[in-house]
Amino acid sequence: LLTVADRYRVRLAGDEVPDIQPEEFATPQQLIAYENRMRQKLNDYAAELNNSELMRVHNHDTRRGPFRATTEETVWHIVNHATYHRGQVA
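Throughout what follows, the structure given in this document is the object of discussion. Quick caveat: nothing in here was measured; it's all calculated off a predicted structure.

1. Observations regarding the pattern of salt bridges
Now for step 1: Taken as a whole and judged by the stated rule, the model has three salt bridges.
Now for step 2: Here D6 ties to R9 by a salt bridge, and the two come within 2.8 Å at their closest N and O atoms. Here D6 and its partner R9 are both found in helix 1 (residues 2-13), three residues apart, which amounts to about one turn of the helix. You'll find D6 and R9 in the same group, each marked buried.

Right, dumping it as structure tokens:
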């Protein structure tokens, strides 16, 4: 869940998508530290958004293939994707 949100954030920001592997989180503490860093970056990005940026269209090249969405639609996708998988876990 965390790496997907981070990959979408960097796509929106125009940065290179990191290739983070589950093996990088050998302990719960490493995962918690990564989550803290990722959440801060996502919060910082969201704080800078304005109406113009929310309407900007992005072409996303994902592991599942390409898709096109506005920044706003992509942010909703990040939120809903996590909700969907948390529901699966529950």
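Read on, since the account is not over.
2. Here's the deal with the environment of L49
Now for step 1: As for its position among the elements, L49 is in the loop between helix 2 (28-47) and helix 3 (51-55).
Now for step 2: Between the C-alpha atoms of L49 and Y84, which are 35 residues apart in sequence, the distance is 25 Å.
Now for step 3: For L49, the contacting residues outside a window of four places in its chain are L54, T71 and V75.

3. A look at the packing of aromatic side chains
Now for step 1: Under the definition given, this model contains two aromatic pairs.
Now for step 2: Judged by centre distance (6.0 Å) and plane angle (55°), the ring pair of Y8 and F67 falls under tilted. Highlighted residues: Y8 in helix 1 and F67 in strand 2 (residues 65-70), separated in sequence by 59 residues.
Now for step 3: The class for Y8 is buried, based on a relative accessible area of 8%.
Now for step 4: Judged by its relative accessible area of 28%, F67 falls in the partly exposed class.
Now for step 5: Ring centres of F25 and Y34 lie 5.0 Å apart, and the angle between their planes is 50°; this geometry places the pair in the tilted category.
Now for step 6: Across the ring face of Y8, the terminal group of R11 is positioned such that the distance to the ring centre comes to 4.7 Å.

Definitions and cut-offs
- Per chain, residues are indexed from 1 in the order of the written sequence.
- The model is predicted, so local features are restricted to residues of pLDDT at least 70 and side-chain atom pairs to those at 80 or more, both for listing and for counting; the totals for chains, interfaces and linings are taken over all residues.
- Values shown for side chains rest on all heavy atoms present in the structure; no hydrogens or waters enter the calculation.
- Salt bridges are identified by distance alone: a Lys or Arg side-chain nitrogen within 4 Å of an Asp or Glu carboxyl oxygen.
- Going along the chain from the N terminus, every DSSP run of H or I of four or more residues is numbered as a helix, and every run of E of two or more is numbered as a strand.
- Each residue gets one of three labels from its accessible area relative to the maximum for its type: buried under 20%, exposed over 50%, partly exposed in between, using a 1.4 Å probe on protein chains only.
- Only heavy atoms enter the contact rule, under which two residues are in contact if any of them lie within 4.5 Å.
- Here is the rule: rings of Phe, Tyr and Trp (six-membered ring for Trp) pair when centre to centre is within 6.5 Å. Planes less than 30 degrees apart are stacked, more than 60 are edge-to-face, and the remainder are tilted.
- Throughout this description, the term charge over a ring refers to an Arg CZ or Lys NZ atom that lies within 6 Å of the ring centre and within 35 degrees of the ring normal.

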